[in-house]
Amino acid sequence: MLPKERILDKAFVLFHKQGYNATGINQIIEEAKVAKASFYQHFKSKEDLCVAFLNQRHEYWFNELENFTLNTEDPKLKIQASFDFLIYMNHKENFRGCSFLNLLSEIPSDNTKVLNVIQSHKSDLRNYFKNLIHNDLIADHVYLLFESCLIESQLFKSNHLIEQSKKIIKTLIL
């Protein structure tokens, strides 16, 4: 891999696993096996690396969601499968939760550069449900259930409320 790819690869793992504030540039440089000058050649700051990480995470997450729901054509079943995707990701990533929400809690409120990327990701997720449901009020309700499931499952290390939300959704979209 090229140095930039190695840096992003390490940031992808470390930011998601340890968090943004607990991960230092020196750790990333060391684990990516790149020179400090090489790091700064590709990223002007940790913030710029964070933006690149979030963009990469966005692409990864939506690709995983798309692959997980690929064989489900019925929009109502695709919504149900999206919640099953949360369960899948919780098992795959040990209930680490949403990288975007985790990072949101770590950045200063005036960091609009990172905030814009997080907001864009969440807007894309909201639109994902709107494209499946075609009723903005119900789509927003499903989106909010999905978001709350992300947080609650991480907090309690349990998929119980995801299963409960799937039952609620059946009554919303029948």
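The shown structure was predicted, so the numbers you read here are calculated from the model rather than taken from an experiment.

Colleague: Report on the confidence of the model for the protein, specifying residues and quantitative values.
Modeller: Chain-level statistics for the protein give a pLDDT mean of 96 and a share of 100% at 70 or above. Across the protein, the element-wise mean pLDDT spans from 93 in helix 1 (residues 3–18) up to 98 in helix 7 (residues 112–133).

Colleague: For the packing of aromatic side chains, give the residues involved together with the corresponding values.
Modeller: Tallying each qualifying case throughout the model produces 16 aromatic pairs. Both rings, one in W61 and one in F85, keep their centres 5.3 Å apart while their planes meet at 80°; by these two values the pair is edge-to-face. Residue W61 is found in helix 4 (residues 46–69), and its partner F85 is found in helix 5 (residues 75–92); the two are separated by 24 residues along the sequence. In this structure F85 comes out as buried when scored by relative accessible area, which is 0%. An aromatic cluster is built from W61, F62, F68, F83, F85, Y88, Y128, F129 and F146, whose rings are joined through pairwise contacts. Above the plane of the ring of Y20 lies K46, whose end atom (NZ or CZ) is 4.4 Å from the centre.

Colleague: Talk me through the packing of helix 5 against helix 7; I want residue IDs and the actual numbers.
Modeller: The interhelical angle for the contact between helix 5 and helix 7, taken along N-to-C directions, is 150°, at an axis separation of 9 Å. The orientation of helix 5 with respect to helix 7, classified from their angle, is roughly antiparallel. Crossing handedness for the pair helix 5 and helix 7: left-handed. In contact with P75, K78, I79, S82 and F83 of helix 5, helix 7 contributes Y128, F129, L132 and I133.

Colleague: I'd love a proper account of the pattern of salt bridges, names of residues and values included.
Modeller: Overall, the coordinates contain 8 salt bridges when judged by the stated rule. When the shortest N-O distance is used, the salt bridge between D48 and K113 registers 2.3 Å. Of this pair, D48 sits in helix 4 while K113 sits in helix 7, and the two are 65 residues apart along the sequence. A salt bridge links K122 to E147; the nearest nitrogen and oxygen atoms lie 2.9 Å apart. Taken as a pair, K122 in helix 7 and E147 in helix 8 (residues 136–156) lie far apart in primary sequence, 25 residues in all. Using a relative accessible area of 10% as the deciding quantity, one classes K122 as buried. Through salt bridges with shared partners, a single network forms among D84, E163 and K166.

Colleague: Please provide a residue-by-residue account of the environment of D124, values included.
Modeller: Examined against the element boundaries, D124 turns out to sit in helix 7. We classify D124 as partly exposed; its relative accessible area is 32%. Through-space distance from the C-alpha of D124 to that of L172 is 21 Å; in sequence the pair is 48 residues apart.

Colleague: Describe the nonpolar core, and please don't skip the residues or the numbers.
Modeller: The biggest cluster of nonpolar side chains holds 50 residues, and the ones touching the most others in it are L49, L54, I79, F83 and F129. Of all the elements in the fold, those that place two or more residues in this core are helix 1, helix 2 (25–32), helix 4, helix 5, helix 6 (99–104), helix 7, helix 8 and helix 9 (160–173). Not counting residues up to four positions away in its chain, the partners in contact with L49 are I7, L8, A11, F15, I28, F39 and F43.

Parameters and conventions
Each chain has its residues counted from 1, following the order in which its sequence is written. Reporting of local features is limited, given that this is a predicted model, to residues whose pLDDT is at least 70; pairs of side-chain atoms are given and counted only at 80 or more, and all residues count toward the totals for whole chains, interfaces and linings. No hydrogens and no water enter the side-chain calculation; it runs on all heavy atoms of the structure. The pLDDT value tells you how sure the predictor is about a given residue, anywhere from 0 up to 100. A run of H or I in DSSP counts as a helix once it spans at least four residues, and a run of E counts as a strand once it spans at least two, with each numbered from the N terminus. Geometry of aromatic contacts follows a simple scheme: Phe, Tyr and Trp rings, the Trp one being its six-membered ring, pair when their centres are within 6.5 Å, and the pair is stacked under 30 degrees between planes, edge-to-face over 60, tilted otherwise. Buried, partly exposed and exposed residues are distinguished by accessible area as a fraction of the type maximum, computed with a 1.4 Å probe on protein chains only: under 20%, between the cut-offs, and over 50%, respectively. Either the NZ atom of lysine or the CZ atom of arginine qualifies as a charge over a ring when it sits within 6 Å of the ring centre and within 35 degrees of the ring normal. In this analysis an axis means a line fitted to C-alpha atoms, helices contributing only their contacting stretch, and an angle means the value between N-to-C directions, from 0 to 180 degrees. To sort the angles, those under 35 degrees are grouped as roughly parallel, those over 145 as roughly antiparallel, those from 65 to 115 as roughly perpendicular, and the leftovers as oblique. Each crossing gets its hand from how the near helix is turned against the far one by less than a right angle, where anticlockwise is left-handed and clockwise is right-handed. Residue contacts follow a heavy-atom distance rule, with two residues in contact if any of their heavy atoms lie within 4.5 Å. Salt bridges are defined by distance alone: a side-chain nitrogen of Lys or Arg within 4 Å of a carboxyl oxygen of Asp or Glu. The set of buried Ala, Val, Leu, Ile, Met, Phe, Trp, Tyr and Cys residues whose side-chain atoms join them within 4.5 Å is what this entry labels a nonpolar core.

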